[in-house]
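Letter by letter, the chains look like this.
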Amino acid sequence: MTTVAILPISDSNGERAYRAIAGDKFSVGKTAGQALDALTAQLDEIELSTLLIIQSFRPDSFFSAEQQERLSELMNLWRSARDQGQELAPEQQAELNGLVEMELQAATARTAALMQQGNL
């Protein structure tokens, strides 16, 4: 199963855009949907069996503003390293992996809370 992450970014004009990432593939769009559609076009049939986590990009009781800020910082460092053909320092990669896992757990808890409220 391929995991897709959709993150808010700023484009070259400073306007909000979205980057969809699945493994070594990524796309950018003006909306999360555009980014996802462009990414989906790159995936093969096996990769199309995906788990999609949708985050409101606002802090909540499941994932704090501090965690979001640090995740964003580490993702920027990761993208910069990747674009230069390098890797993050092991401790930074471990911290990034931990925050991604915590966000996945937060998304699961958020979904469960929405289901209990009858909003899904």
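First, a word on what this report is: a plain description of the structure on this page. (Residues numbered from 1 in each chain as written. Predicted model: local features only at pLDDT ≥ 70, side-chain atom pairs only at ≥ 80, totals over all residues. Heavy atoms only, no water.)

1. Quick word on the pattern of salt bridges
Alright, step 1. With the rule as written, the count across this model stands at 6 salt bridges.
Alright, step 2. Of the charged contacts in the structure, one is a salt bridge between Lys 25 and Asp 24, with a shortest N-O distance of 4.0 Å.
Alright, step 3. Accessibility expressed as a relative area gives 71% for Asp 24, which makes it exposed.
Alright, step 4. It is possible to trace a salt-bridge network through shared partners that takes in Asp 60, Glu 103 and Arg 110. (Salt bridge = Lys/Arg side-chain N within 4 Å of Asp/Glu carboxyl O. Buried < 20%, exposed > 50% of the residue type's maximum accessible area, 1.4 Å probe, protein only.)

2. Considerations on helix H2 (residues 65-83)
Alright, step 1. Look at H2: 27 Å from first C-alpha to last across 19 residues, which is about the 27 Å you get at 1.5 Å a residue.
Alright, step 2. A positive backbone phi angle near 70 degrees is found at Gly 85, which sits one or two residues after H2. (Helix = DSSP H or I, 4+ residues; strand = E, 2+ residues; numbered from the N terminus. Expected span 1.5 Å × (residues − 1).)

3. Quick notes on the environment of Arg 16
Alright, step 1. One can find Arg 16 in strand S2 (residues 16-22).
Alright, step 2. Taking relative accessible area as the criterion, Arg 16 reaches 52% and is therefore assigned exposed.
Alright, step 3. As for Arg 16 and Thr 31, which are separated by 15 residues in sequence, their C-alpha atoms are 8.6 Å apart.

4. Digging into the environment of Arg 82
Alright, step 1. Along the chain, Arg 82 turns up in helix H2.
Alright, step 2. The exposure class of Arg 82 is partly exposed, given its relative accessible area of 27%.
Alright, step 3. Each C-alpha atom, one on Arg 82 and one on Asp 24, is 10.0 Å from the other, the two residues being 58 residues apart in sequence.
Alright, step 4. Not counting residues up to four positions away in its chain, the partners in contact with Arg 82 are Arg 19 and Phe 26. (Contact = heavy atoms within 4.5 Å.)

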